[in-house]
Amino acid sequence: MKPLFANFKDKFSKERISLGLDIGTQAVKIVKLRFLKDTVELYDFYLEPTQLDLGEILKKVKQSQEVEFVNIGVSGPATVIRYINFPRMNEDEFKKSLRFEAQKYIPFATTEVNLDGYILKEELSGDKMLVLIAAVKKEFIGQRIKSIQDAGLRVNIVDIDSLALVNVFNFNYSQDESQQKLKAIALLNIGSSMSNLDILENGSPRLSRDIHIAGNNFTQKLTDTFGIDFKAAEDLKINPDKERSNKVIATIELVLTNLVGEIRTSFDFYESQSTFSVGKIFLSGGGSLSSGLKDALVNLLGIEVEYWDPLKQISIAGNIDAGALHAVSSQLAVAVGLALRS
């Protein structure tokens, strides 16, 4: 695994192309970025339902995008992120001791995982430093890489979805004045089968976790409540008719209460170790577009919730259909974060 965080402060020295590939349970999301001297440009994007054969989708990507290398993301039970206080040491010492120290904190044998780490804060009391440890099971990565290689593509970087979110958010919002006033914020990306949660303190991640409550849970509840099939429930979840709107929102809120419980637990854990409280949630992901969800989160958690734009600081190529892009931009956050990796 390459270093966890990209450095976006320097100007881009030469033009290059990067492809971020986010393989979700309901859709494959692809973002193609072009790095120019002074800017990053969205060169192309692509969404395809994963009900179709994944191998065929990837072959189509290979042919249509004219690329060889892709950056991919992983999440779920085969991945682990930990924020740990280590004895203070320099970068070389940290890298050498990482595998030995990590075995105390991850639930897998270190021989079974690809492991990486990053020093977040060098000077803590007690001669300690704060580090991030990320591990992914080799078997899981191997299966994902094989499916991509079978389609004629090659993997450049493997990242973890929640860390890709941190990167793309900081790329777009690190200079945002309203965001800078908040010492601690949360990123909540609600996908189809999983939600990714990050808590950032002064722009640096302090907690990351995957929660197995997401958009499909909302849809299934609507299926049961209204006696309709899954596809009809998906449509109703996003665009309810006037007659059923209130009942749709109430049904979604029943499931959302469980998700909020997990979010509160995460906030409590973070706040027990920090002098700050989470002041705002930035929302993304296809599942976040469920009718009434944003307002329900505000009511249940009692803090501000705002949708954010993963393309805020990225220019859009002239050939892009702006309307089509706007309709799906919230679903592209992870793919953009992956494509931003160098």
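Residues numbered from 1 in each chain as written. Predicted model: local features only at pLDDT ≥ 70, side-chain atom pairs only at ≥ 80, totals over all residues. Heavy atoms only, no water.

J.: How should I be thinking about helix α3 (residues 138-150) in this particular structure?
T.: Given 3.6 residues per helical turn, the α-helix brings residues three or four places apart onto the same face. Taking 1.5 Å per residue as the helical rise, α3 with its 13 residues ought to reach 18 Å, and the 18 Å between its terminal C-alpha atoms agrees with that figure. Restricting attention to buried positions, one finds in α3 the residues Ile141, Arg144 and Ile148. The buried residues of α3 occupy an angular sector of 70° when projected down its axis, which confines them to one face. For α3, the exposed residues set more than 90 degrees away from the buried face come down to Glu139, Gln143 and Asp150. Summarising the contacts, the buried residues of α3 are in contact with β1 (16-23), α1 (54-65), β4 (69-74), β6 (113-124), β7 (128-137) and β8 (154-160). Downstream of α3 by a residue or two, glycine 152 has a phi angle that is positive, lying close to 90°. (Helix = DSSP H or I, 4+ residues; strand = E, 2+ residues; numbered from the N terminus. Expected span 1.5 Å × (residues − 1). Buried < 20%, exposed > 50% of the residue type's maximum accessible area, 1.4 Å probe, protein only. Arc of directions from axis to C-beta. Contact = heavy atoms within 4.5 Å.)

J.: What exactly am I supposed to notice about the packing of helix α8 (residues 245-272) against helix α9 (residues 293-301) here?
T.: When two helices pack together, you describe them by how their axes are tilted relative to each other and by the distance separating the axes. Packing of α8 against α9 brings their axes to within 10 Å, and their N-to-C directions diverge by 50°. By the angle class used here, α8 and α9 are oblique. The handedness of the crossing between α8 and α9 is right-handed. Where α8 approaches α9, its residues Glu253, Leu256, Thr257, Val260, Ile263 and Arg264 are matched on the opposing element by Leu293, Ala296, Leu297, Leu300 and Leu301. (Axes fitted to C-alpha atoms, helices over the stretch in contact; angles between N-to-C directions. Parallel < 35°, antiparallel > 145°, perpendicular 65-115°, else oblique. Left-handed = near helix turned anticlockwise from the far one by under 90°.)

Any functional reading would require information beyond the geometric quantities listed.
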